[in-house]
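# Observations on the model geometry
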Amino acid sequence: MDAHELITRNAAEVVTEEEIEALADDPDGKRAYVGYEPSGVLHIGHMLTANKLIDLQEAGFEVTVLLADVHAYLNDKGSFEEIRHTAERMRDQFIAYGLDESNTQFVLGSDFQLDDDYTLDLHALELETTLARAERAMAEITSGDSVKVSQAVYPLMQALDIPYLGVDLAIGGMEQRKVHMLARDVLPSIDREPPTSLHTPLIADLATGRGKMSSSTGVTISMEDSRSDIESKVNDAYCPPTVDPEPTDDGESRENPVLQVFEYHVFPRFDTVRVERPEEYGGDLEYDAYDALEADLESGDLHPADAKGALAEYLDRLIAPGREQLAE
């Protein structure tokens, strides 16, 4: 793959294509970043954006991972001491998962977000941003009916982090799109460049195929899971023999999360995927690309149960180093 293909592989959206092409023309030394609230244990959502960071490192980018302790504090996730301890655990898990340690900079938000210049720039953004505009970007962090002032400031800090980290590309899931669009709107008001951004897809709930997989609701997969946990969750996953399932009776669209995890987690990390089957059912299958596996499931040549068995095997291989790190 060339640099452009690595940068855009499995991206749901880039903003803008012209800006991405310019980065791809000369990627060496360019910097990309993603921010995470320290939450203790990496789950499959963290791993999706981490896969993109690994792609970017292969393309020549340097990577910054913001362990957003101040954001977590504003979102009422504990004391600073507790949050920073959690951040250290997450750092080690990212390295175990496959990020190149020599080419990855881990930064705590409190390393720069409490400085005078940052605070004054944040106040300048507050003067330029209506509450209604900030609310459109903060849907991912609010819960319940009461919105706190800290939650309105949160997306402005996310926007301001981008120039203060000195990065060329902001990475996030599609749920971060509103924040990146806010950044493009408001950063020029303080003489900062609007950021280039790349958004990864959202994976549907593993059990139902609806909405998005969440660590707080529904079923997810994390580095705490044993092999038997992974096998149990994958075996129970929603996996009709198609990439385009019928909607629910209420008209809600559904995805095939088993295929999504193959596409976005397994095939980017393994050159070949083997599906083991007894000889009486046709013997083993090997796939060099996701499209071939998808086509076989659609045609009936690959049974969902066999696909699930292979998925559990490869997810366990991805998660095992992080699980061992947690045990240590």
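An unreviewed UniProt entry lists the chain under the name Tyrosine--tRNA ligase, from Halorubrum pallidum. Per UniProt, the chain has the following entry under Function (unreviewed entry): "Catalyzes the attachment of tyrosine to tRNA(Tyr) in a two-step reaction: tyrosine is first activated by ATP to form Tyr-AMP and then transferred to the acceptor end of tRNA(Tyr)." Listed under Sequence similarities (unreviewed entry) in UniProt, the entry text for the chain is "Belongs to the class-I aminoacyl-tRNA synthetase family. TyrS type 3 subfamily."

### Some points on the side chain of H199
When you line up the elements, H199 lands in strand β6 (residues 197-200). Given a relative accessible area of 0%, H199 falls into the buried group. Within the local environment of H199, its side chain forms a polar contact with the side chain of E13, the two groups lying 2.8 Å apart. A polar side-chain atom of H199 sits 2.9 Å from a polar atom in the side chain of H180. Contacts of H199, omitting those with residues within four sequence positions, involve A11, A12, E13, V15, G172, G173, M174, Q176, R177, H180 and M181.

### A closer look at the pattern of salt bridges
Per the stated rule, a full pass over the model turns up 21 salt bridges. For R84, the salt bridge goes to D69, with nearest N and O atoms at 3.3 Å. Of this pair, R84 sits in helix α5 (residues 80-97) while D69 sits in helix α4 (residues 69-74), placing them 15 residues apart in sequence. Residue classification places R84 among the partly exposed residues on the basis of a relative accessible area of 36%. Looking at D69, the relative accessible area reads 0%, which means it is buried. Residue D92 pairs with R91 through a salt bridge whose shortest N-O separation is 3.4 Å. Since its relative accessible area comes to 31%, D92 is described here as partly exposed. Each of R227, E231, E313, D316, R317 and R323 takes part in salt bridges that share partners, so that together they form one network.

### Some remarks on the domain arrangement of the chain
Each assigned domain of the chain is listed with its residue range as follows: domain 1 (3-200) and domain 2 (227-327). The straight-line distance from the C-alpha centre of domain 1 to that of domain 2 is 30 Å. The partner domain 2 presents 12 residues to the 14 residues of domain 1 that form the contact. A buried area of about 1,200 Å², summed over both sides, lies between domain 1 and domain 2, and 60% of it is on carbon and sulfur atoms. Three residues, N10, I44 and Y97, lead the burial of domain 1 against domain 2; their summed loss comes to 36% of the area buried on that side.

### Quick notes on the UniProt feature "binding site: L-tyrosine" (unreviewed entry) in the chain
UniProt records the feature "binding site: L-tyrosine" (unreviewed entry) for Y33, Y154, Q158, D161 and Q176 in the present numbering. Filtering out sequence-adjacent residues up to four positions away, D161 remains in contact with Y33, L66, H71, F112, Q113 and Y118. Among the polar contacts made by the side chain of D161, one reaches the side chain of Y118 at a distance of 2.8 Å. If you trace the backbone, Q176 turns up in the loop between β5 (169-173) and α9 (177-186). In this structure, Q176 is in contact with Q158 and H199, ignoring residues within four places of it in sequence.

### Digging into the packing of aromatic side chains
In total, this model carries nine aromatic pairs according to the counting rule given. Here the aromatic rings of Y73 and F80 are separated by 4.7 Å at their centres, their planes lie at 15°, and the arrangement is stacked. For Y73, a relative accessible area of 44% puts it in the partly exposed group. Among the aromatic residues, ring-to-ring pairing joins Y36, F94 and F106 into one connected group. Residue placement shows R269 over the ring face of Y97; its charged tip is 4.7 Å from the ring centre. Sitting over the ring of Y314, R317 keeps its end group 4.5 Å from the ring centre.

### Details of the nonpolar core
L53, V65, F94, L169 and F262 are the most contacted members of the largest nonpolar core, which has 67 residues in total. In terms of domain composition, this core takes at least three residues from each of domain 1 (3-200) and domain 2 (227-327). Of all hydrophobic cores here, the second largest spans 25 residues; its members include A68, L156, M157 and I190.

### What about a negative patch on the surface?
A cluster of acidic residues, D111, D115, D116 and D117, forms a negative patch at the surface. Within the secondary structure, D116 sits in helix α6 (residues 116-128). The exposure class assigned to D116 is exposed, which follows from its relative accessible area of 60%.

### Description of helix α3 (residues 44-59)
Since there are 3.6 residues in each turn of an α-helix, residues three or four apart along the chain are aligned in direction. End to end, α3 covers 23 Å across 16 residues, agreeing with the expected 22 Å (1.5 Å per residue, within 8%). In terms of burial, α3 is largely enclosed, as 14 of its 16 residues are buried. Backbone geometry just downstream of α3 places G60 in the positive-phi region, at approximately 115°.

Quick notes on the rules
Residues numbered from 1 in each chain as written. Predicted model: local features only at pLDDT ≥ 70, side-chain atom pairs only at ≥ 80, totals over all residues. Heavy atoms only, no water. UniProt positions renumbered as here; feature names shortened; annotations may be inferred. Helix = DSSP H or I, 4+ residues; strand = E, 2+ residues; numbered from the N terminus. Buried < 20%, exposed > 50% of the residue type's maximum accessible area, 1.4 Å probe, protein only. Polar contact = N/O pair within 3.5 Å; in protein donor to acceptor, adjacent residues only side chain to side chain. Contact = heavy atoms within 4.5 Å. Salt bridge = Lys/Arg side-chain N within 4 Å of Asp/Glu carboxyl O. Domains from an automatic or database assignment. Buried area = accessible area lost by both parts, 1.4 Å probe. Phe/Tyr/Trp six-rings, centres within 6.5 Å; stacked < 30°, edge-to-face > 60°. Lys NZ or Arg CZ within 6 Å of the ring centre and 35° of its normal. Core = buried A, V, L, I, M, F, W, Y, C linked by side-chain atoms within 4.5 Å. Patch = residues over 30% accessible without salt bridge, like charges linked within 9 Å, V, L, I, M, F, W, Y side chains within 5 Å. Areas by Shrake-Rupley, 256 points an atom, 1.4 Å probe, with all protein chains shown as cover. Lys, Arg positive; Asp, Glu negative; His and termini not counted. Charge placed at Lys NZ, Arg CZ, Asp CG, Glu CD. Expected span 1.5 Å × (residues − 1).

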